[in-house]
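So the chains spell out like this:
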Amino acid sequence: TMVAASATVVGAGPTGAFAALLLAKRGYSVDVFERRHRIRDMHKTENMARAESFASMEKKDVSSATASLARVADASKRSINLALSHRGLRALACAGLSERAIEMAVPMRGRMIHDKKGNMALQPYGTKEEEVLYSISRTAINAWLLDELEKCDKARVHYGYSCTRVWSDGTAEFTRQDDGGFLKPDKIKTESTKLLGCDGAFSAVRAQLARISRLSINFEYIEHGYKELSMPPAADGGYAMPPEALHIWPGSQVMLIALPNADCSFTCTLFGDFKLLESLQTPQQVLEFFGDLWPDTIGLMPNLVADYFDNPNAALSTVRCAPWNIGGHILLLGDAAHGVVPFYGQGMNCALEDCLLLNEALDSANDEWETALPAFYASRKPATDCLAQLAIDNYEEMRDKTVSRVFLLKNKIHGLLHTAFGDKWQPSLHTAVSFTSMPYHHALAVWQKQDSILSCVGYAAAAAAALAATRAVQKMFHA
């Protein structure tokens, strides 16, 4: 569909960049406003910083690390690697970008579980060769999407502008800020009456909507936080561990994961209760904690102590709000509408799928936003509410259940039933979420039905076995 219309997009992260790209491809004249400066250079800066950190790790005086405890994080230190899967790739494919995304990423075929002895066991994600996740840096995919966006004649990106006012007709005001975040007198008032708020979990657009409409917002932090750590390449320049997996070191109430990077390093993330994260106050305490729980990490993470004190403890939250739209003028997308904790690896995939489904809604409504936006919200809201709970539940699975024999046996039975019945039986909830386009709440309903059937069969088998045993005992006493 080609239309002579304009739109404003707030936020030039992956969601905003991709939403703007799809609008530009539809023929819209798009202005994107981003409060950060030089966002496209962040990927280069991140890679340089990581290389310098690895090169200098032997020179660094770890005794000085404790002085960094109070440092405030910058964006690059708060970013968990992203796991690109079917939903995100399907969305990118509609713009002809999926193949390039795969080329930029490192494939992960399953969870690699580490035990205390350093043994590793792979738990495949799917049952098919193509059912893999792709590890990619947030800044890498963001910079690439912005490069693609800026190839469009109809798109313009304005860096260093904060959204300071939104009106109900979709017009907005943006105020320029300097590198230090201080606002300047320079202002831009947009004339477009179509606005997408893609500015993340702390959305300025959402805050403005709460001022001008009856917007309900629920912002909920979980008790656990995270700290980003690093694992450099091995001495020979290759990966220190098998790269085609998401590595997990489980623990009671704590978990360490590692996702591969294209430069043969791993981005590691420690998840745990804030009290625990804050209780490790000295280099010795950090080394003892990791040495006791996960001894193999000590040799793999030579920069562990420096990373621990240089990088901040970051919070994890779930964002829910309703409604996401004001008529056909304003719509929230991605984390601005439905931020989730990262444990299902679906945050970016869900946001990119938002953009795709909005594009399809505009197709169905012949670009009548008054029709498309309410329809999109009504159909999408149940799915994202479901994902929010799934993401929290999956933390427990990754942390505790991946080493449970009952959990592994149950998964094996589901896998066997999938082999017998094909796509009529999903091998796991993870497969339905990560490797299909089934709405999240539909995927959960299918899985709950399967689980119920399996439980009933299990109870019936147990009852039959108990009855047989009872009869055998009765025969023995009556013999």
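Residues numbered from 1 in each chain as written. Predicted model: local features only at pLDDT ≥ 70, side-chain atom pairs only at ≥ 80, totals over all residues. Heavy atoms only, no water.

Asks: Before we go on, may I ask you to explain unusual backbone geometry in this structure?
Replies: Among all residues except glycine, the phi angle is most often negative; among peptide bonds, the trans geometry is most common. Omega for the bond connecting Ala322 with Pro323 falls within 30 degrees of zero, at -10°, which places this linkage in the cis form. The topology assignment puts Pro323 in the loop between β17 (314-322) and β18 (325-326). Of note, Asn366 is a non-glycine position whose phi angle comes to about 50°, a positive value. Tracing the backbone through its elements, the reader meets Asn366 in the loop between α12 (347-364) and α13 (369-399). Of the residues examined, Asn366 reaches a relative accessible area of 59% and is grouped as exposed. (Helix = DSSP H or I, 4+ residues; strand = E, 2+ residues; numbered from the N terminus. Buried < 20%, exposed > 50% of the residue type's maximum accessible area, 1.4 Å probe, protein only.)

Asks: Sorry if this is basic, but what is going on with α12 here?
Replies: Because an α-helix packs 3.6 residues into every turn, residues spaced three or four apart end up facing the same way. Helix length check: α12, at 18 residues, gives a terminal C-alpha distance of 26 Å against a target of 26 Å (1.5 Å per residue), a fit within 8%. The element α12 is largely enclosed, with a buried count of 13 among its 18 residues. In the segment just after α12, Asn366 is the residue with positive phi, at about 50°. (Expected span 1.5 Å × (residues − 1).)

Asks: Looking at this model, I keep getting lost on the sheet that holds β18. Mind explaining?
Replies: Strand pairing in a sheet relies on backbone hydrogen bonds, with the paired strands running either antiparallel or parallel. On the basis of which strands lie adjacent, the open sheet formed by 6 strands has the order β8-β2-β1-β12-β19-β18 and mixed pairing. With one partner strand each, in any of the chains shown, β8 (155-159) and β18 form the two edges of the open sheet. As paired elements, strand β2 (residues 29-34) and β8 share 5 bridges and run parallel to each other. Of the residues in β8, the one forming a bridge with Phe33 is His158. On the sheet, helix α6 (residues 204-212) packs against β1 (6-10), β12 (195-197), β18 and β19 (330-332) and is oriented at approximately 130° with respect to β19. (Pairing = 2+ DSSP bridges. Contact = heavy atoms within 4.5 Å. Axes fitted to C-alpha atoms, helices over the stretch in contact; angles between N-to-C directions.)

Asks: What should I look at first to understand the side chain of Thr175 in this one?
Replies: Within the element layout of this structure, Thr175 appears in strand β10 (residues 172-177). According to the relative accessible area criterion, Thr175 is buried, its value standing at 1%. Polar side-chain contacts of Thr175 include one of 2.9 Å to the side chain of Thr164. (Polar contact = N/O pair within 3.5 Å; in protein donor to acceptor, adjacent residues only side chain to side chain.)

Asks: Looking at this structure, how should I read the nonpolar core?
Replies: As a rule of thumb, nonpolar side chains are buried together in soluble globular proteins. Judged by nonpolar contacts, the single largest core of 73 residues is most densely connected at Phe18, Leu23, Leu92, Leu196 and Leu333. The biggest single contributor to this core is helix α1 (residues 14-25), with 8 residues. Sequence-distant contacts of Leu333, defined by excluding residues within four places in its chain, comprise Thr15, Ala19, Leu196, Gly197, Cys198, Asp354, Cys355, Leu358 and Phe376. Formed by 33 residues, the second largest nonpolar core is a distinct cluster that contains Tyr125, Ile257, Leu390 and Ala391. (Core = buried A, V, L, I, M, F, W, Y, C linked by side-chain atoms within 4.5 Å.)

Asks: Whenever I open this one, the environment of Ala143 confuses me. Can you help?
Replies: Tracing the chain through its elements places Ala143 in helix α5 (residues 138-149). Along the primary structure Ala143 and Ile39 are separated by 104 residues, whereas in three dimensions their C-alpha atoms are 7.3 Å apart.

Asks: Could you clarify how one ought to interpret empty space enclosed by the protein in this entry?
Replies: With the rule as written, the count across this model stands at 1 cavity of 30 Å³ or more. Taken as a whole, the largest cavity holds about 50 Å³ of empty space. Along its surface, the largest cavity is lined by Ala19, Leu22, Leu23, Arg26, Leu196, Leu333, Cys355, Leu358, Asn359 and Leu362. When contributions to the lining of the largest cavity are tallied by element, the ones reaching two or more residues are α1 and α12. With 4 residues, α12 is the single largest residue contributor to the lining of the largest cavity. Broken down by class, the residue content of the lining of the largest cavity amounts to 8 nonpolar, 1 polar and 1 charged. (1 Å grid on protein atoms, 1.4 Å probe; cavity = no way out; pocket = protein on both sides within 12 Å on 5 of 7 lines; lining within 4 Å. Points joined across faces, edges and corners; volume = space filled by probe spheres on them. Nonpolar A, V, L, I, M, F, W, Y, C, P; charged D, E, K, R; others polar.)

Asks: How do you make sense of the packing of α1 against α12 when you look at a structure like this?
Replies: Here α1 crosses α12 at 25°, and the two axes come no closer than 9 Å. Judged by the angle between their axes, α1 and α12 are roughly parallel. Handedness of the α1/α12 crossing: right-handed. Packed against α1, whose contacting residues are Pro14, Thr15, Phe18, Ala19, Leu22 and Leu23, the element α12 presents Ala351, Leu352, Cys355, Leu356, Asn359 and Leu362 at the interface. (Parallel < 35°, antiparallel > 145°, perpendicular 65-115°, else oblique. Left-handed = near helix turned anticlockwise from the far one by under 90°.)

Don't take any of this as a statement about function, it's just geometry.
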